[in-house]
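# Structure at a glance
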Amino acid sequence: MTSSTSAARPRYAIVLLTVLWLVASLALLWWCFTIGMEGWADQHSNGGGRSAEFGRRSARALVLLAVVAAGGPAVVALVAFGCRYVRTGLVYLFLAVVIAAALVPAVVDAARTLRPPAAPVPVPTTCQERSGGDTHCPGG
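Below is a short write-up of the structure. The structure presented is a predicted model; accordingly, all values stated were derived computationally and were not measured.

### Focus: the side chain of S25
Tracing the backbone through its elements, the reader meets S25 in helix 1 (residues 3-45). When neighbours within four sequence positions are excluded, S25 is seen to be in contact with L65, V68 and A69.

### Looking at the pattern of salt bridges
Under the definition given, this model contains one salt bridge. A salt bridge links R57 to E38; the nearest nitrogen and oxygen atoms lie 3.0 Å apart. You can see R57 sitting in helix 2 (residues 51-82) and its partner E38 sitting in helix 1, a full 19 residues away along the chain. For E38, a relative accessible area of 34% puts it in the partly exposed group.

### Some thoughts on the packing of aromatic side chains
Tallied over the entire structure, the rule returns one aromatic pair. Summarising the aromatic geometry, the rings of W30 and F33 are spaced 5.3 Å apart at their centres and angled 35° between planes, so their arrangement reads as tilted. A residue pair is termed a helical-turn pair when its members lie 3 or 4 positions apart in one helix, as W30 and F33 do in helix 1 at three residues.

### Considering the nonpolar core
Membership of the largest hydrophobic core is limited to five residues, which are I14, V76, A77, A80 and Y92. When residues no more than four places from it in sequence are discounted, the contact partners of A77 are G89, Y92 and L93.

Calculation criteria
Residues numbered from 1 in each chain as written. Predicted model: local features only at pLDDT ≥ 70, side-chain atom pairs only at ≥ 80, totals over all residues. Heavy atoms only, no water. Helix = DSSP H or I, 4+ residues; strand = E, 2+ residues; numbered from the N terminus. Contact = heavy atoms within 4.5 Å. Salt bridge = Lys/Arg side-chain N within 4 Å of Asp/Glu carboxyl O. Buried < 20%, exposed > 50% of the residue type's maximum accessible area, 1.4 Å probe, protein only. Phe/Tyr/Trp six-rings, centres within 6.5 Å; stacked < 30°, edge-to-face > 60°. Core = buried A, V, L, I, M, F, W, Y, C linked by side-chain atoms within 4.5 Å.

In structure tokens, the structure reads:
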């Protein structure tokens, strides 16, 4: 084995990881698009009867897309730094930070969709007699 072959392996790993990251990101974008089209069809044919389901599915897909879109360049940066390709690592690290910063608002909104706030405790709306014969009714 020559030294040029062993020196090329880290480059091949970086290229392979980059291709995998791009393919996975495009596949997840396609998944988001199909969920949107299903929701659009439901809105026009069923009156939006399953809109909550489509909202949860799209939120899950968006969170997964954000993890892959920002995590992929971070992994490539780690591999590049490990192989002593400092400039390549810095480029991928910068790319990961920019993508993550761009997707933060969407992920926060998706997290709210996946974990809605708890319902407030209902306030009693009927008159209740208190000890001593006192009643406090809503509205007077």
